[in-house]
Structures are given as C-alpha cells and as structure tokens.
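# Topology and contacts: notes
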Amino acid sequence: QLQLVESGGGLVQPGGSLRLSCAASGFTLDYYAITWFRQAPGKEREGVSCISSSGGTTNYADSVKGRFTISRDNAKNTVYLQMNSLKPEDTAAYYCNTVPKMNSYWGQGTQVTVSS
C-alpha cells in the first residue's frame, strides 16, 4: 500500500516537547516536498510546516515559527516535526502529506494534546 503514517503524538504539559514522524510506506519520499497539517475539533485544517524534497527549504506557520522544526531523513524515508515549547493551542490531530497533496495519502494522523 502507498501511505504516509504519522506517529509520535501524545499528551504533554505546556512547555513540553514532542517529535512527530511521518514515514512513507510503499514509495520513496525523496521525490516529494512534505507538509505537516493539523486540525483541531471544530476548526479548519491548517498548514503547520513544509520541507522541500532535499530538505534545503523549510517554511513555518507564524503560530509555530521559532518553536517547531521540520526535518527529513530521506535514507529513512521519514520526515520529522520537532515541537518545542508546546502550547495548549497546539492541541490537534497532526497529519502529513506530499506537495501537492494526495488524498489517498492521508493517514490516521497523530494526536497531540497539550494540557496541564
């Protein structure tokens, strides 16, 4: 099967850190830029960060800039999102996808909950 599998979410206290992983199954990630999205209940899905296929170019939403870092290890077929200084408003289900996004690649996401 061709899919992206998100993992690494969990429950953390405000100010804590998590590292999310986006692993490709059935295809090689090297060819694709990858974007992390998140969606909180009742809210629109929003882009969080993206990284070019080579890893040389990254972008971040203003809300996470300075706190999140996207990276990739193409040898491991994986893209990461390091999240530091987490805030309650970061609580959401996090997803990754290719650029342009492929509907069939949406995984189940990984839940990040930031709460004391």
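Look above for the structure.
Attention here is on the structure that accompanies the text.

Rules and cut-offs
Each chain has its residues counted from 1, following the order in which its sequence is written. This being a predicted model, a pLDDT of at least 70 is required before a residue's local features are given, and a value of 80 or more before pairs of side-chain atoms are given or counted; all residues contribute to the totals for chains, interfaces and linings. Excluding hydrogens and water, the side-chain values take into account all heavy atoms of the structure. The helix count covers DSSP runs of H or I at least four residues long, the strand count covers runs of E at least two residues long, and both are numbered beginning at the N terminus. In this description the radius of gyration comes from C-alpha coordinates, and the expected globular size is given by 2.2 Å times residues to the power 0.38. In this scheme, a residue with accessible area under 20% of its type's maximum is buried, one over 50% is exposed, and one in between is partly exposed, where area comes from a 1.4 Å probe on protein chains only. Residue contacts are defined here by distance: any two heavy atoms, one from each residue, within 4.5 Å place the two residues in contact. The accessible surface values rely on the Shrake-Rupley method and a 1.4 Å probe; as for residues, cover is taken only from the protein chains in view. Positive residues here are Lys and Arg, negative ones are Asp and Glu, while His and the chain termini are left out of the count. The atoms used to mark charge sites are NZ of Lys, CZ of Arg, CG of Asp and CD of Glu. Working definition of a nonpolar core: buried Ala, Val, Leu, Ile, Met, Phe, Trp, Tyr and Cys residues. They are joined through side-chain atoms within 4.5 Å. By the convention used here, strands pair only if DSSP detects at least 2 bridges between them. For helices, the fitted axis covers only the stretch in contact; all axes are lines through C-alpha atoms, and the angles between them, taken along N-to-C directions, range from 0 to 180 degrees.

Okay, the overall build of the protein next. Helix and strand counts for the protein stand at 0 helices and 10 strands. Secondary structure elements in the protein, listed N-terminal to C-terminal, are β-β-β-β-β-β-β-β-β-β. The C-alpha atoms of the protein give a radius of gyration of 13 Å, which matches the 13 Å a tight globule of 116 residues would have. Each of the three principal axes of the protein carries a C-alpha extent, and together these read 40 × 25 × 20 Å. Across the 116 residues that make up the protein, the buried fraction comes to 41%. Taking all contacts inside the protein whose residues are at least 6 apart in sequence as the whole, residues at least 24 apart take part in 53%. Roughly 6100 Å² of accessible area belongs to the protein as shown, and the carbon and sulfur atoms make up 46% of that amount. Between the centroid of the 10 positive side chains of the protein and the centroid of its 8 negative side chains there is a distance of 2 Å.

Here we take up the nonpolar core. Side chains of a nonpolar character, in soluble globular proteins, are inclined to be buried together. Counting 27 residues, the largest nonpolar core has Leu4, Trp36, Phe68, Val79, Leu81, Met83 and Tyr94 as its most contacted members. Elements with a contribution of two residues or more to this core: β3 (18–25), β4 (33–39), β5 (46–51), β7 (68–73), β8 (78–83), β9 (92–99) and β10 (110–114). Looking at which element gives the most residues to this core, the answer is β3, with 4 residues. Sequence-distant contacts of Val79, defined by excluding residues within four places in its chain, comprise Leu20, Ser21, Cys22, Leu29, Ile34, Trp36, Ile51, Ile70, Ser71 and Arg72.

Right, let's talk about unusual backbone geometry for a bit. As a rule of thumb, non-glycine residues mostly have phi less than zero, and peptide bonds are mostly trans rather than cis. Pro100 follows Val99 through a cis peptide bond whose omega is -5 degrees. The residue Pro100 is located in the loop between β9 and β10 in this model.

One open sheet holds the 6 strands; their spatial order is β2-β10-β9-β4-β5-β6, and the pairing between them is mixed. The strands lining the two open edges of the sheet, one partner per strand, are β2 (10–12) and β6 (58–60). Strand-to-strand, the axes of this sheet are offset by a mean angle of 25 degrees, without reference to chain direction. Looking at chain direction, β9 and β10 are connected through 3 bridges and run antiparallel. Residue pairing for β10: Tyr94 is matched across the bridge by Thr110.

Strand order in this open sheet of 4 strands is β1-β3-β8-β7, and the pairing throughout is antiparallel. Taken across any chain shown, the strands that pair with only one partner, and hence form the sheet edges, are β1 (3–7) and β7. Averaged over all neighbouring strand pairs, the angle between strand axes comes to 15 degrees, with direction disregarded. One ladder, built from 6 bridges, connects β7 with β8; its direction is antiparallel. Pairing of Thr69 across the sheet is with Gln82, part of β8.

Keep in mind these numbers describe shape, not what the thing actually does.
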